[in-house]
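Structure at a glance
The primary structure of each chain is shown beneath.
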Amino acid sequence: MHAKDWQLNAVLQERQQWVIPVYQRHYAWEVWRGNEERQIIRLWGDLRERAEERLAGEDVKPHFVGAIIYSEPTDQPFGTVNKRFLVDGQQRITTFNLVLAALREIARRHGAEHIGKAINEYLFNATSEGMADPEKETFKLWSSSFDRPYFVAIATKTADEVREQFSEYFYKNGNLIWGQAPKLLAAYWYLQEKIDEYISEGELDEIAAESTLNALLSGFLHSFQIVVIQLGKEDDAQTIFASLNGNAEPLTAFDLIRNDIFHRARIRQEDDDALYEAHWSKLETEFWKTEVKQGRQKRPRVDHLISHSLVAETADEVHAGQVANAYTLFAKKMSFDSVEAEIESLLRYATAYAAIEHGDQSNALGRYGHFTKVWDTSTFHPVALWVAVQEIPQTDKDAILKLLEDYVVRRDLIGETNKNYNKVAPNMIKAMRDDSAPLHALQTHIASLKAQTSLMPSRSDLISAAIKKNAYGNLGSKKLRYILTKIEKSLRTSFDENIPIDDLSVEHILPDKWAKHWPLPKSGQAPHQEFFAAVHAGHVISPEMREEMEVRERAKNTLGNLTLLTPPANSQNGNEEWAFKQKRISSSLLALNREIAENEQWDEGLIEKRGERLAEAADAIWGGLNPQT
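Details of the overall build of the chain
Looking only at helices and strands, the chain features 29 helices and 12 strands. For the chain, whose C-alpha radius of gyration is 33 Å, the value lies well above the compact-globule estimate of 25 Å for 629 residues. Across its three principal directions, the C-alpha atoms of the chain cover 100 × 65 × 50 Å. Every one of the 629 residues in the chain was classed for burial, and the buried ones make up 52%. Intrachain contacts of the chain at a sequence separation of at least 6 include 70% that bridge at least 24 residues.

Following this line, the structure appears as structure tokens:
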């Protein structure tokens, strides 16, 4: 490893090509993040300071701008442009080229063509007959595949032409859409605008545009200094790159895995650019880069894909912070014939995972995805992905996905924990993968689970929970709305109207604050305050009344006391007496509410009976293994 500090002028002027390996991250320097000034704004401040020193005739102070690390192959053909593979510093080198391109564009606008021509010598290598690929080797920076279209356009076209080529990132008035534009394009546009503004300021002080441009360019090339480190043959470029990620934007698991994959592609002399374009680029879209929350983890969607795919492939638990390491071990164990085969093995889950994310309820994967979004769970995604790519009948695939929903819903209905699911899911895959009939294998496996943390609840378990458990508190409104909606649809007959129920809310029939309008069956009117508050307020409550109040408090949140209604116009209406609520419920067209409105009263006994009927309906809908009582 050899290190030396240089002026940018020497680093950028040499005949060479800085190559950003495919395994490196995309361009990441930003202008703003929220209200925080980021790297490009700070760089512009440094550029301006150096220019002002030049214009004022002061001694120009050297400005250190960090380091770059590169490796250089020793077997490059004679006559071709020397390639230097950037291990660390691609953000800096890319930005330096953007500064030059922005200065050239502003020089063109102000008629300083000679400055533009001088800048081109820093952006391009002169063509020669010795070049193996002149179209590529003419660029002094060969950007990553993802950023290349933007950089090539910026390097070879005017700003107006760049705007026209990438019009989707600009408003009709020509201004950049800052929140949507790629970071590389945003950095270039910001630098242009600031250089133009700075020239306008100088012209107010009678400083010619050309003088300002010369000061900016000279200060940049001769004052900015950088340490250049060349790796030797024995230095592992990919390992060094990964160890340096803490110096800039943190690397995601996806970044680290990409590094590992394409580093191995280069060692095996597979064409990394071709691999990227044909295969890997499918994972570099906005859809996959978008951060989504799963449980407590908010990560790029592609990170979740890799994590779930690893569990699907290995049938082992993978911890969120160990995804990159787990993938490296997995790839080593699999000994793929080629890196291309390795990438294809990863991509085979991508289509299925996208279907889960889109949640289109016209297919089984989409219905499963919609369900898991309501339940805010992704623990069984590896099972769903494994099933999706197997060559088994579609009817069996659909049945397995439905069984996963049955398992989760039945356990939630009885209030059981989900803490063991991260172990249950891999074990489901293990049970299926060595069996020629995966559906039957999964059914057998689930039937064998006897521990309270993993068993499939029986019909009697559902009925008991419907009578005793606090469904409103345990399940929450989103899950309850899903459950009651499914039950409503199951109760409808051919004579019922197909009424949309998406905008209905879960409501108590016997209200949460019942004391004012709902006398107790034996003790009569209860204190108006909530139960325990009433006790502390000094109200005399007999043991009989206390017992009745406790029974009612438990009953009000059980499944039998909950239904779907249009949101009330006033929250106070929900606490009115039965006669008022009965009238409101009787106007509902839902089958779920039909039998409720037929009662002249509503009490704990009716709540229990309705809870049993709803539990029986749930047992039929989420049949699971059709367990016996």
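A word on the pattern of salt bridges
Across all of its chains, the model carries 37 salt bridges by this definition. Of the charged contacts in the structure, one is a salt bridge between Asp316 and Lys430, with a shortest N-O distance of 3.9 Å. One end of the pair, Asp316, is in the loop between helix H14 (301–314) and helix H15 (323–334); the other, Lys430, is in helix H21 (residues 421–433), and 114 residues separate them in sequence. Overall, the relative accessible area of 41% leaves Asp316 in the partly exposed class. Judged by relative accessible area, which is 36%, Lys430 ranks as partly exposed. Ionic pairing is found between Lys556 and Glu553, a salt bridge with its closest N-O pair at 3.1 Å. Under the relative-accessibility criterion, Glu553 is labelled partly exposed at 29%. One network of salt bridges, with partners in common, ties together Glu30, Arg33, Glu36, Arg38 and Lys183.

Some words on the packing of helix H3 (residues 90–109) against helix H6 (residues 148–156)
Contact pair H3 / H6: the axes reach a minimum separation of 9 Å and the direction vectors enclose 35°. The crossing of H3 and H6 is left-handed. Taking contact as the criterion, the partners of Asn97, Leu98, Ala101 and Arg104 in H3 are, on H6, Phe151, Ile154, Ala155 and Thr156. Per-class residue counts for the contact of H3 with H6 are 5 nonpolar, 2 polar and 1 charged.

Thoughts on the nonpolar core
Counting 93 residues, the largest nonpolar core has Trp280, Leu283, Phe380, Tyr407 and Met428 as its most contacted members. Broken down by element, this core gets its largest block of residues, 8 residues, from helix H20 (residues 394–413). Among residues more than four places away in sequence, those in contact with Leu283 are Phe254, Trp288, Val302, Leu305, Leu346, Leu347 and Ala350. Ile154, Trp189, Leu217 and Ile226 belong to the second largest nonpolar core, which has 72 residues in total.

Structural notes on the environment of Leu100
Take Leu100: it is sitting in helix H3. The exposure class of Leu100 is buried, given its relative accessible area of 0%. Linking Leu100 and Ala155, residues 55 residues apart in sequence, is a C-alpha distance of 9.1 Å.

Observations concerning the environment of Leu275
Note that Leu275 resides in helix H12 (residues 272–278). The class for Leu275 is buried, based on a relative accessible area of 6%. Through-space distance from the C-alpha of Leu275 to that of Ile343 is 8.6 Å; in sequence the pair is 68 residues apart. Those residues in contact with Leu275 that lie beyond four places of it in its chain are Phe262, Ala265, Glu270, Trp280, Val339, Glu340 and Ile343.

With respect to the pairing of strand E6 (residues 83–88)
With 5 of its 6 residues buried, E6 lies for the most part within the structure. Direction of pairing for strand E5 (residues 63–71) relative to E6: antiparallel, over a ladder of 3 bridges. Along E6, the bridge assignment pairs Tyr70 with Leu86.

As for the packing of aromatic side chains
Tallying each qualifying case throughout the model produces 24 aromatic pairs. Between Phe96 and Phe220, the aromatic rings sit 5.8 Å apart at their centres with planes inclined by 70°, giving edge-to-face as the arrangement. Taken together, the positions of Phe96 in helix H3 and Phe220 in helix H9 (residues 209–223) put the pair 124 residues apart, joining distant regions of the chain. When sorted by exposure, Phe96 lands in the same class as Phe220, which is buried. Note on Phe371 and Tyr482: the rings are 5.8 Å apart at their centroids and 50° apart in plane angle, and the pair reads as tilted. Within this pair, whereas Phe371 is found in helix H18 (residues 364–375), its partner Tyr482 is found in helix H24 (residues 471–491), the two being separated by 111 residues in sequence. Of the two residues, Phe371 and Tyr482, neither departs from the other in class, the shared state being buried. Among the aromatic residues, those joined into a ring-pair cluster are Phe96, Phe220 and Phe224. Its guanidinium or amino end placed over the ring of Trp18, Arg84 lies 5.9 Å from that ring's centre, counting from NZ or CZ.

A short note on the packing of helix H11 (residues 253–267) against helix H16 (residues 339–347)
In contact at an axis separation of 9 Å, H11 and H16 are set at 155° when each is read in the N-to-C sense. Taken together, the axes of H11 and H16 lie roughly antiparallel to each other. For the pair H11 and H16, the contacting residues are Ile261, Phe262, Arg264 and Ala265 in the first and Val339, Glu342 and Ile343 in the second. Here the contact of H11 with H16 is built from residues that sort into 5 nonpolar, no polar and 2 charged.

Section: the layout of surface pockets
The volume enclosed by the largest pocket comes to roughly 1300 Å³. Around the largest pocket, the lining is made up of 40 residues, and of these Tyr27, Glu30, Lys183, Glu286 and Lys289 lie nearest the centre. For the lining of the largest pocket, the elements supplying multiple residues, two or more each, are strand E3 (32–33), helix H8 (183–204), H11, helix H13 (286–289) and H14. When residues in the lining of the largest pocket are grouped by element, the largest group, 4 residues, is from H8. Tallied by class, the residues present in the lining of the largest pocket amount to 20 nonpolar, 7 polar and 13 charged.

A few points about H21
Residues that lie three or four places apart on an α-helix share one face, since the helix turns once every 3.6 residues. Taking 1.5 Å of rise per residue, 13 residues should cover 18 Å, and H21 covers 18 Å from first to last C-alpha, within 8% of that figure. Tyr421, Val424, Ala425, Pro426, Met428, Ile429 and Met432 are the residues of H21 that are buried. Against H14, helix H19 (381–388), H20 and helix H22 (438–448) lie the buried residues of H21.

Things to note about H9
End to end, H9 covers 20 Å across 15 residues, agreeing with the expected 21 Å (1.5 Å per residue, within 8%). Along H9, 11 of the 15 residues are buried, which leaves the element largely enclosed by surrounding structure. Those residues of H9 lying buried are Ala209, Thr212, Leu213, Ala215, Leu216, Leu217, Ser218, Gly219, Phe220, Leu221 and Ser223.

Some remarks on the side chain of Glu604
Of note, Glu604 is situated in helix H29 (residues 604–621). Among the polar contacts listed, one links the side chain of Glu604 to the side chain of Arg552, at a separation of 2.8 Å.

Criteria and thresholds
Chains are numbered independently. Their residues run from 1 in the order of the written sequence. A pLDDT threshold of at least 70 governs which residues receive local features in this predicted model, and a stricter bar of 80 or more applies before side-chain atom pairs are shown or counted, although totals over entire chains, interfaces and linings include all residues. By convention in this description, side-chain values take in all heavy atoms of the structure and omit both hydrogens and water. The helix and strand labels rest on DSSP assignments: H or I over at least four residues marks a helix, E over at least two residues marks a strand, and numbering proceeds from the N terminus. Note that the radius of gyration is over C-alpha atoms, with the globule rule given as 2.2 Å times the number of residues to the power 0.38. Think of it in three bands: with a 1.4 Å probe and only protein chains considered, a residue is buried below 20% of the maximum accessible area for its type, exposed above 50%, and partly exposed in between. Throughout, a residue-residue contact means that at least one pair of heavy atoms, one from each residue, lies within 4.5 Å. Take a side-chain nitrogen of Lys or Arg and a carboxyl oxygen of Asp or Glu: if they are within 4 Å of each other, that pair is a salt bridge. The convention used is that axes are lines fitted to C-alpha atoms, helices contributing only their stretch in contact, and that angles between N-to-C directions extend from 0 to 180 degrees. Whether a crossing is left-handed or right-handed is set by the direction in which the near helix is turned from the far one by less than a right angle, anticlockwise for left-handed and clockwise for right-handed. All amino acids are sorted into three groups, where Ala, Val, Leu, Ile, Met, Phe, Trp, Tyr, Cys and Pro are nonpolar, Asp, Glu, Lys and Arg are charged, and the leftover types, Gly among them, are polar. Side-chain atoms within 4.5 Å link the members of a nonpolar core, which is a set of buried Ala, Val, Leu, Ile, Met, Phe, Trp, Tyr and Cys residues. Here, any two strands with at least 2 DSSP bridges between them count as paired. Pairs were defined over the aromatic rings of Phe, Tyr and Trp, the Trp ring being its six-membered one, requiring ring centres within 6.5 Å. Orientation was assigned from the angle between planes: stacked under 30 degrees, edge-to-face over 60, tilted for the rest. Throughout this description, the term charge over a ring refers to an Arg CZ or Lys NZ atom that lies within 6 Å of the ring centre and within 35 degrees of the ring normal. An angle counts as roughly parallel when it lies under 35 degrees, as roughly antiparallel when it exceeds 145, as roughly perpendicular when it falls between 65 and 115, and as oblique in every other case. The pocket and cavity definitions rest on a 1 Å grid over protein atoms only: a 1.4 Å probe that fits but cannot leave marks a cavity, an open set with protein on both sides within 12 Å along at least five of seven lines marks a pocket, and residues lining either have an atom within 4 Å of a point. Grid points are joined across faces, edges and corners, and a volume is the space filled by probe spheres set on the points. A helix is expected to span 1.5 Å multiplied by its residue count minus one. Any pair of N or O atoms that falls within 3.5 Å is considered a polar contact. Within protein, one atom must be able to donate a hydrogen and the other to accept it, and sequence-neighbouring residues count only if both atoms are side-chain atoms.

Note that every value here comes from positions in space, so none of it alone points to a role or purpose.
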